[in-house]
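In case you want the letters, here they are:
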Amino acid sequence: MPNPLPEHISTFKHKHIQDMDFIELRVTCPADLADILIAELGQLSFDTFEENEQGFCAYTTEDAFDKDGTQAIIGKYQDWPEGMPAAESRVITRQNWNTEWEKNFEPLVIGDKVSVRAPFHDARPDLPYDIVIMPRMSFGTGHHNTTALMIENQLTVDHQGKRVLDMGCGTGILAIMAVHLGADYVLAVDVEPWTAENAADNALENNVQDKVEARLGDITALEGEKPFDLILANINRNVLLDDMAAYHQYLQPGGPIIFSGFYEEDLHLIREAAEREGFRYESHRVRNHWVSAIFYK
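It should be emphasised that the depicted structure is a prediction, and the values quoted were computed from it without experimental measurement.

Draft legend 1. Looking closely at the pattern of salt bridges. Tallied over the entire structure, the rule returns 13 salt bridges. One salt bridge connects lysine 76 with glutamate 40, and the closest N-O pair in it is separated by 3.0 Å. Of the two residues, lysine 76 sits in the loop between α3 (67-75) and β4 (86-92) while glutamate 40 sits in helix α2 (residues 31-41), which places them 36 residues apart along the sequence. According to the relative accessible area criterion, lysine 76 is exposed, its value standing at 52%. Linked by salt bridges that have partners in common, Arg163, Glu213, Arg215 and Glu225 make up one network.

Draft legend 2. Structural detail: unusual backbone geometry. Here asparagine 288, not a glycine, exhibits a phi torsion of approximately 50 degrees, which is positive. Positionally, asparagine 288 belongs in the loop between β13 (280-287) and β14 (290-296). Although it is not a glycine, histidine 289 adopts a positive phi angle of roughly 80 degrees. Here histidine 289 shows up in the loop between β13 and β14.

Draft legend 3. Region of interest: the packing of helix α5 (residues 145-154) against helix α6 (residues 173-180). At a minimum axis separation of 11 Å, α5 and α6 run at an interaxial angle of 15 degrees. The orientation of α5 relative to α6 falls into the category roughly parallel. As for how α5 packs across α6, the hand of that crossing is right-handed. Contact with α5, carried on its side by Thr147, Met150, Ile151 and Gln154, involves Ile173, Leu174, Met177 and Ala178 of α6 and no other residues of that element. Residues belonging to the contact of α5 with α6 are distributed by class as follows: six nonpolar, two polar and no charged.

Draft legend 4. Geometry of the confidence of the model for the protein. The predicted model of the protein has a mean per-residue pLDDT of 86, with 87% of residues at 70 or higher. Across residues 1-18 the pLDDT falls below 50, and counting only partners more than four positions away or on other chains, this stretch makes 35 contacts in the model.

Draft legend 5. Just the packing of α2 against α3, in detail. In the contact formed by α2 and α3, the axes pass within 10 Å of each other and the chain directions differ by 155 degrees. The orientation of α2 relative to α3 falls into the category roughly antiparallel. Of the two elements, α2 crosses α3, and the hand of that crossing is right-handed. Mapping the contact onto sequence places Leu37, Glu40 and Leu41 in α2 and Thr70, Ile73 and Ile74 in α3. Broken down by class, the residue content of the contact of α2 with α3 amounts to four nonpolar, one polar and one charged.

Draft legend 6. Looking closely at the sheet that holds strand β5 (residues 108-110). Spatially, the three strands line up as an open sheet ordered β5-β6-β7, and their pairing is mixed. With one partner strand each, in any of the chains shown, β5 and β7 (129-132) form the two edges of the open sheet. Adjacent strand axes in the sheet meet at a mean angle of 25 degrees when their direction is disregarded. As defined by bridge partners, β5 adjoins strand β6 (residues 114-117) across three bridges and the pair is classed as antiparallel. The residue of β6 that forms the bridge with leucine 108 is valine 116. Along the sheet face, α6 touches β6 and β7 and points at about 150 degrees away from the line of β7.

Draft legend 7. Highlighting the nonpolar core. Ranked by internal contacts, the top residues of the largest apolar core, which has 35 residues, are Val186 and Val212. Mapped by element, the contributors of at least two residues to this core are β5, β6, α5, α6, β9 (185-190), α7 (193-205), β10 (212-216) and β11 (230-234). Per-element tally for this core: the top contributor is α6, with seven residues.

Draft legend 8. Main features of the sheet that holds strand β3 (residues 55-61). With respect to topology, four strands assemble into an open sheet ordered β2-β3-β1-β4, the strand pairing being antiparallel. Looking along the sheet, the strands with just one partner apiece sit at the ends: β2 (48-51) and β4. Across the sheet, the mean angle from the axis of one strand to that of its neighbour is 20 degrees, orientation sign disregarded.

Draft legend 9. Structural view of the environment of glycine 255. Relative to the helices and strands, glycine 255 is located in the loop between α9 (244-249) and β12 (256-263). When the C-alpha positions of glycine 255 and aspartate 229 are compared, they lie 5.4 Å apart, and in sequence the two are 26 residues distant. Those residues within four positions of glycine 255 in sequence are excluded, and the remaining contacts are Asp229, Phe295, Tyr296 and Lys297.

Draft legend 10. Local environment of helix α10 (residues 267-277). Those residues of α10 lying buried are Leu267, Ile270, Ala273 and Ala274. Taken around the axis of α10, the buried residues stretch over an arc of 135 degrees, which confines them to a single face. Against the buried residues of α10 lie α8 (237-242), α9, β12, β13 and β14. Count one or two residues on from α10 and you reach glycine 278, which has phi positive near 115 degrees.

Reading guide: rules and limits
- Residues numbered from 1 in each chain as written.
- Predicted model: local features only at pLDDT ≥ 70, side-chain atom pairs only at ≥ 80, totals over all residues.
- Heavy atoms only, no water.
- Salt bridge = Lys/Arg side-chain N within 4 Å of Asp/Glu carboxyl O.
- Helix = DSSP H or I, 4+ residues; strand = E, 2+ residues; numbered from the N terminus.
- Buried < 20%, exposed > 50% of the residue type's maximum accessible area, 1.4 Å probe, protein only.
- Axes fitted to C-alpha atoms, helices over the stretch in contact; angles between N-to-C directions.
- Parallel < 35°, antiparallel > 145°, perpendicular 65-115°, else oblique.
- Left-handed = near helix turned anticlockwise from the far one by under 90°.
- Contact = heavy atoms within 4.5 Å.
- Nonpolar A, V, L, I, M, F, W, Y, C, P; charged D, E, K, R; others polar.
- pLDDT = per-residue confidence, 0-100.
- Pairing = 2+ DSSP bridges.
- Core = buried A, V, L, I, M, F, W, Y, C linked by side-chain atoms within 4.5 Å.
- Arc of directions from axis to C-beta.

See below:
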């Protein structure tokens, strides 16, 4: 049976964060540069990305927008061989946010088994798994390579009856997928208030709210938790490296951990850190230079 949800978790389902405006950064760039810029902007406050034919759009809250840092990142690649990037920003009011992502959020299929869609898209009864996502300002609609790679790896790992940790949960898509695959309980953790709120809302939208707990915080939010049977960690290279010892601490012996959020060129760093802590490398997948890797304790 899943762990009962603490009382404070219900506040994520019913109490929305204070009104705030968002920044949309519309980036025009060559396709081979888009993933690099997304990774670098993700190190700032941007945590939602939607790719398009011209490049991509990145989103953050107005109060967290680092204009100078953003310009510095774009400026680094003005000599890119395939063409220089360009970026322009605009303010989107919170009340208009849903309208904005509805314009660009297209349904997709992952691994020929998983339908990821918004509530206003038609269901895919021909597929085994159906996930409904309302991204708001959270990262992880399945459109980014790392999220899709994580789900593809999840499809290969036993979740039945497991107690799962989803670190850097974003929209909660991986937590929801874990329940669809048979997990009894998933703790979904993220550092952003609107993300923890969004993950809980999406769990409710997918009728898995009794098995998903959304918690605000970083790795320190796990204090007092017993080890998990499976860990999902789709964050970024630096956080994964910094928290590797904690992942080992919070995973049951013999349990799998699935990583993503880094490039193929950084896999050796992740592997070295993981093996140093006692993890055993199993396999990895690559898409557009992004990686998701499976290790076992």
